[in-house]
Amino acid sequence: MRIIISLLIILSFLQVEAQNKKVEMLKDVSWDEVQKQARKTRKKYLLLDFGSPRCSPCLYIKNKVFTVDSVADFINSKFVAADYTQGAEKKRLSKIYNVYSEPVILITDLKGNLLHRMEGRCEAPEMMARLRQGLDPQNNLVALQKKYENHNRNHYDADHSVGNILLPLPQR
């Protein structure tokens, strides 16, 4: 019996260790600093996370989604990530990117051109799907908006666009 209890205790510690990564985020830094870090690391994309310390969906994403190994590995390998929870730079960037709710996660290129926008709480698989879509130049939010503006509208594009703004992505 003691052996079984000992094994269960050891296994519980191993399970906790299995999800020990996290997204490496710059905290409330200037836009210039984010770009400088991107050039230094030679990453092509920026991930801007807008939230607040009192926002429960924001905290959920930071503590439960951004700590899943697959999500952390993906973001850390593709993006320079910056967390904006307070301060003048958050206010300035919120005006530029029309961020009026939380949580909002933006993907931009190095020049600050918006590629993708995600709003609201989600789980890790949803986050991965949204991030991958955000890097897809044919299906990110900007591409879908261009298709829509050019009257190239179909239900698939509309579902994808709405999914990235407010709702989970449809399972296709």
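Cut-offs applied
- Residues numbered from 1 in each chain as written.
- Predicted model: local features only at pLDDT ≥ 70, side-chain atom pairs only at ≥ 80, totals over all residues.
- Heavy atoms only, no water.
- Helix = DSSP H or I, 4+ residues; strand = E, 2+ residues; numbered from the N terminus.
- Buried < 20%, exposed > 50% of the residue type's maximum accessible area, 1.4 Å probe, protein only.
- Contact = heavy atoms within 4.5 Å.
- Areas by Shrake-Rupley, 256 points an atom, 1.4 Å probe, with all protein chains shown as cover.
- Core = buried A, V, L, I, M, F, W, Y, C linked by side-chain atoms within 4.5 Å.
- Pairing = 2+ DSSP bridges.
- Axes fitted to C-alpha atoms, helices over the stretch in contact; angles between N-to-C directions.

Trainee: Explain the overall build of the protein here, please?
Mentor: Scanning the protein from N- to C-terminus turns up 8 helices and 5 strands. Reading the helices (α) and strands (β) of the protein from amino to carboxyl end gives α-β-α-β-α-α-β-α-β-β-α-α-α. Looking at the 172 residues of the protein, the share that counts as buried comes to 42%. Pairs at least 24 apart in sequence give 68% of the contacts found in the protein among residues at least 6 apart. For the protein, the computed accessible surface area is about 10500 Å², with 56% contributed by carbon and sulfur atoms.

Trainee: When you look at the nonpolar core in this model, what are you seeing that I'm missing?
Mentor: Grouped together as the largest cluster of nonpolar side chains are 22 residues, with contacts concentrated most on Leu 47, Phe 66, Val 71, Ile 75, Phe 79, Met 127 and Leu 131. If you list the elements that add at least two residues to this core, you get helix 3 (56–65), helix 4 (69–78), strand 3 (79–84), strand 4 (104–109), strand 5 (114–119) and helix 6 (124–135). With 5 residues, the top contributor of residues to this core is helix 6. Each residue touching Ile 75, except ones within four places of it in the same chain, is listed here: Val 23, Leu 47, Phe 66, Ala 81 and Leu 131.

Trainee: Explain the sheet that holds strand 4 to me, please; I cannot follow it from the model alone.
Mentor: Strand pairing within a sheet occurs via backbone hydrogen bonds; the two strands may be parallel or antiparallel. Pairing in this open sheet of 5 strands is mixed, and the strands run 1-3-2-4-5 from one edge to the other. The open sheet has two free edges, formed respectively by strand 1 (25–27) and strand 5, since each of these has just one partner strand. In this sheet, neighbouring strand axes are inclined to one another by 20° on average, regardless of whether the strands run parallel or antiparallel.

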